Amino acid sequence: MEFIRIITRKTLFLAIFLLFSFMTPGVDAADKENCLMCHKYRQIGRIDEKGRKRSYFVNENIYANSVHRNVPCRDCHTYIDKLPHDPVTQEVNCANECHIKPPFSNDNFSHKKIIDVYNRSVHGTQEDDSPELKAAKPYCKYCHLNPIYTRVEEQRIAFEETLGRCLNCHERKGVTQAYKHITHRLRSKTSRSPQEIVQLCSKNCHADLVLMKKLKVSNESMEAVKTYNESIHGKAVGLGSQKAADCVSCHATSSIHDIYKKDEPHATVNKANLVKTCKQCHENVTERFAQIDVHSEIGPHEKPVLYSVNVILGFAFYGSVFGLIGLAMLESYGRRKDGIKMQILHGTSWRGKSKRDKSK
Amino acid sequence: MPGEPKRLEHPRSVYIIGFIFKIITLSVLIAVIYQITFSPHGPAVLVPIKEKIEESQKSAILEEVRQQEEYEKHRHFHHVVEYPQLPENMRPVCYICHSDYPHSKNKKVRAMLNMHTQFFVCETCHIQEQPGISVTYKWYNPLNETPKGPFYGTEYDPETGNLIEVEDQFSKISPFYRTGDKFKSAIQIQDSALAQDYVKVRDKLTPEQRDNVKKKFHVHIKAKGHECKVCHSRNGILDFRNLGFSANRTIDLEQLNIKGMVTKYESFYIPNLFSE
């Protein structure tokens, strides 16, 4: 009897649940399981055992515009198996396969391919890495927040007009995202600005010399951010250029994650590949051109000739600016001493006669 | 000088041209000085001094907080969004001692209870009922005496199924003592000066003294807040329709148990949520 009662109660619950889940209008496909019922509130969170503030908030409107908008929560958060769930101790594995088949493919989507590329690069953790090195190497989330679709401003054909043609056959919502998905890859190597890329690589990592020293990187790598910022590329990017080379432009191919040390044969900055790498921007690149030092450390010992020329040019520049100011000031001082007064109006800056001028 | 030509007043345009040239000269000068002192593209002669000053003003605690925020941004993945905050002197006094996430003891509901503080003042759950005084619940906004809504969470957007986005970021449901037609706020003393004073001196107090001060802030506060079913049930203490919740939203909140959770997962163990 007890058994039958439980069964009927459960079936009843299930029936009601199914009824409700079909009745609720427009529930997002990614959230069939209604995780956002709780996680859509921005105050959901707690102070963890280490005293850190942990927010568990997911803004539903941002999520709905992110590239993962169709991925059900548990495709990534696979460890959630009941509701309410236990405190989460596991990390999401970005190489998971999700229950989504991309167009033109029979397999479920996964980031595995690019993660393999990444794991082979300098940033992938290797077995013989020291613990500090393992901890310092960036993981997917370090660089990638859940990306939002961005609209690339089309110069030759207006965004709306091109999209308008797609809308002849396709539905607006889906095709707008698909259009953005493709077009932002047609423009430049990454969808981030050179400034963002430089910031990403420098901040908390390559520009953190204390950390770099601890990881025992080569002298050249120690100086890399500084020498880049002093180079013509770095200066142009620092001044806002959207075309000058950032870190990724030279250090990776279009798969972006394949960054290698320069002595590795696949490295884009390996001597053998330099011409090709420079050719991405510079026409008519020769072997000789490719020899130009991009991360140039101009010190008295490394490059005495360049260093001296640099110093001389510096003297010439400051000498001419401050020399002129100095001369003007000396002249003014002399005139004042001679009793000539300064004035602003009346057509001349000076009034009165020099005391030394005895002729009048 | 003999034969010196007479200087005449120049036409006005000459002064304008002169002024423009002075501005240009001045900007070049400023640029050159910046180039020498702080610019990363120059010799940066003053940068070491600036760094030294920053170093001396560095606080280990601030540094750690900043690092944690940075870490949280990357850890979170789903975008850490900034929301407008009440000015410090208007925040309810409870937050001064209890932080933004006051619940931590009961593992099963702590995050969920903290979630409710987005739309409830603490007293909504923690108020000690007193015999003979009836309590009603209304929206309360510290910046606006008669908040009109629409309030967060009261309606679904028919197109997306998400909750509608609202302008009012500060209104929360709050208890009021009711006598006849008069409503009196049941929010405890809002004396943040007292609380801030407490935070400053608490290390100097003995445990008994500390308890005494603490009592000042917890006059009609009970240790355990309302249980879930006090609100999430047909005859809960909140009149959802009167508070502005739409009909389907009211049903969802009253029947929370059926809709989302119990049926889907066998082991549901929020204490007393749906025990009947």
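Residues numbered from 1 in each chain as written. Chains lettered and ligands numbered in written order. Predicted model: local features only at pLDDT ≥ 70, side-chain atom pairs only at ≥ 80, totals over all residues. Heavy atoms only, no water.

A. Fine view of the overall build of chain A. Broken down by element type, chain A carries 18 helices and four strands. Taken across its 360 residues, chain A has 28% of its residues classed as buried. In chain A, the proportion of contacts linking residues at least 24 apart, taken out of those at least 6 apart, comes to 41%. (Helix = DSSP H or I, 4+ residues; strand = E, 2+ residues; numbered from the N terminus. Buried < 20%, exposed > 50% of the residue type's maximum accessible area, 1.4 Å probe, protein only. Contact = heavy atoms within 4.5 Å.)

B. Broad picture of the overall build of chain B. Each helix and strand counted, chain B has 10 helices and three strands in total. The secondary structure elements of chain B, listed N-terminal to C-terminal, are α-α-α-α-α-α-β-β-β-α-α-α-α. Counting all 276 residues of chain B, 35% fall into the buried class. Counting only contacts in chain B whose residues sit at least 6 apart along the sequence, the fraction spanning at least 24 positions is 60%. Of the accessible surface of chain B, which amounts to about 18,200 Å², a share of 58% is contributed by carbon and sulfur atoms. (Areas by Shrake-Rupley, 256 points an atom, 1.4 Å probe, with all protein chains shown as cover.)

C. Expanded view of the domain arrangement of chain B. Domain annotation for chain B reports domain 1 (12-55) and domain 2 (64-264). Computed over C-alpha atoms, the centres of domain 1 of chain B and domain 2 of chain B are 52 Å apart. (Domains from an automatic or database assignment.)

D. Focus on the domain arrangement of chain A. Domain annotation for chain A reports domain 1 (191-297) and domain 2 (307-351). Between domain 1 of chain A and domain 2 of chain A, the C-alpha centre-to-centre distance is 43 Å.

E. Region of the structure containing a nonpolar patch on the surface. On the surface, Ile16(B), Ile17(B), Phe19(B), Ile20(B), Phe21(B), Ile23(B), Ile24(B) and Val28(B) cluster together to form a nonpolar patch covering roughly 780 Å² of accessible area. Owing to a relative accessible area of 53%, Phe19(B) belongs among the exposed residues under this scheme. (Patch = residues over 30% accessible without salt bridge, like charges linked within 9 Å, V, L, I, M, F, W, Y side chains within 5 Å. Salt bridge = Lys/Arg side-chain N within 4 Å of Asp/Glu carboxyl O.)

F. Molecular detail of the confidence of the model for chain B. All names here are of chain B. Within chain B, residue pLDDT values average 82, and 88% of them lie at 70 or more. At the level of individual helices and strands, chain B shows its lowest average pLDDT in helix α10 (residues 256-261), which scores 54, and its highest in helix α6 (residues 122-126), which scores 93. Low pLDDT (under 50) marks residues 262-276, which in the prediction has 40 contacts with non-local residues, meaning those over four places away or in another chain. The ipTM value of the predicted complex is 0.77, and its pTM value is 0.79. (pLDDT = per-residue confidence, 0-100.)

G. Expanded view of the pairing of strand β2 (residues 172-179) of chain B. Residue and element names in this part refer to chain B. Counting buried positions along β2 yields six of eight residues, so the element is predominantly enclosed. Pairing of β2 with strand β3 (residues 182-185) involves four bridges; the strand directions are antiparallel. Note on β3: the bridge partner recorded for Phe 176 is Ser 185. As consecutive antiparallel partners, β2 and β3 are separated by two residues, and within that stretch Gly 180 has a phi angle of approximately 60 degrees, a positive value. (Pairing = 2+ DSSP bridges.)

H. Spotlight on the packing of aromatic side chains. Applying the stated criterion across every chain yields a total of 12 aromatic pairs over all chains. A connected cluster of aromatic rings, assembled from ring pairs, spans Tyr41(A), Phe119(B), Phe120(B) and Tyr152(B). The ring of Phe176(B) is capped by Lys138(B), whose NZ or CZ atom sits 5.0 Å from the centre of that ring. (Phe/Tyr/Trp six-rings, centres within 6.5 Å; stacked < 30°, edge-to-face > 60°. Lys NZ or Arg CZ within 6 Å of the ring centre and 35° of its normal.)

I. Spatial organisation of the nonpolar core. By size, the foremost hydrophobic cluster in this structure holds 25 residues, and its most contacted members are Met115(B), Ile173(B), Leu238(B) and Phe245(B). Those elements giving two or more residues to this core turn out to be α5 (110-116), β1 (134-140) and β2 of chain B. In terms of residues, this core owes the most to one element, α5(B), which gives three residues. Counting six residues, the second largest nonpolar core, distinct from the first, contains Ala30(A), Leu36(A), Val58(A) and Cys98(A). (Core = buried A, V, L, I, M, F, W, Y, C linked by side-chain atoms within 4.5 Å.)

J. Up close: helix α18 (residues 304-337) of chain A. Residue and element names in this part refer to chain A. With 34 residues, α18 extends 46 Å between its outermost C-alpha atoms, agreeing within 8% with the 50 Å of an ideal straight helix rising 1.5 Å per residue. In α18, a bend of some 25 degrees at Gly 319 exceeds every other bend along the element. Residue Gly 339 follows α18 closely and has a positive phi angle near 90 degrees. (Expected span 1.5 Å × (residues − 1). Bend = angle between axes of the 7 residues up to and from the residue.)

K. View of the side chain of His103(B). Along the chain, His103(B) turns up in the loop between α4 (94-98) and α5. Within the local environment of His103(B), its side chain forms a polar contact with the side chain of Asn114(B), the two groups lying 2.9 Å apart. Setting aside chain neighbours within four positions, we find His103(B) in contact with Arg46(A), Arg110(B), Leu113(B), Asn114(B), Thr117(B) and His126(B). (Polar contact = N/O pair within 3.5 Å; in protein donor to acceptor, adjacent residues only side chain to side chain.)

L. Representation of the environment of Glu91(A). All names here are of chain A. With respect to the helices, strands and loops of the structure, Glu 91 is situated in the loop between α4 (73-76) and α5 (112-120). Relative accessible area serves as the criterion here: at 56%, Glu 91 is assigned to the exposed category. For the pair Glu 91 and Gln 291, spaced 200 residues apart in sequence, the C-alpha to C-alpha distance is 44 Å. Beyond its immediate stretch of four places on either side in the chain, Glu 91 contacts Tyr 79 and Lys 141.

M. Geometry of the sheet that holds β3(B). Residues and elements named next belong to chain B. The strand order across the open sheet formed by three strands is β1-β2-β3, and the pairing between neighbours is antiparallel. Looking at strand neighbours, the two that pair on one side only are β1 and β3, the edges of this open sheet. Neighbour-to-neighbour, the strand axes of the sheet open up by a mean angle of 45 degrees, direction not taken into account. The pairing of β1 with β2 spans seven bridges and is classified as antiparallel. By the bridge assignment for β2, Tyr 140 is matched with Lys 172. (Axes fitted to C-alpha atoms, helices over the stretch in contact; angles between N-to-C directions.)

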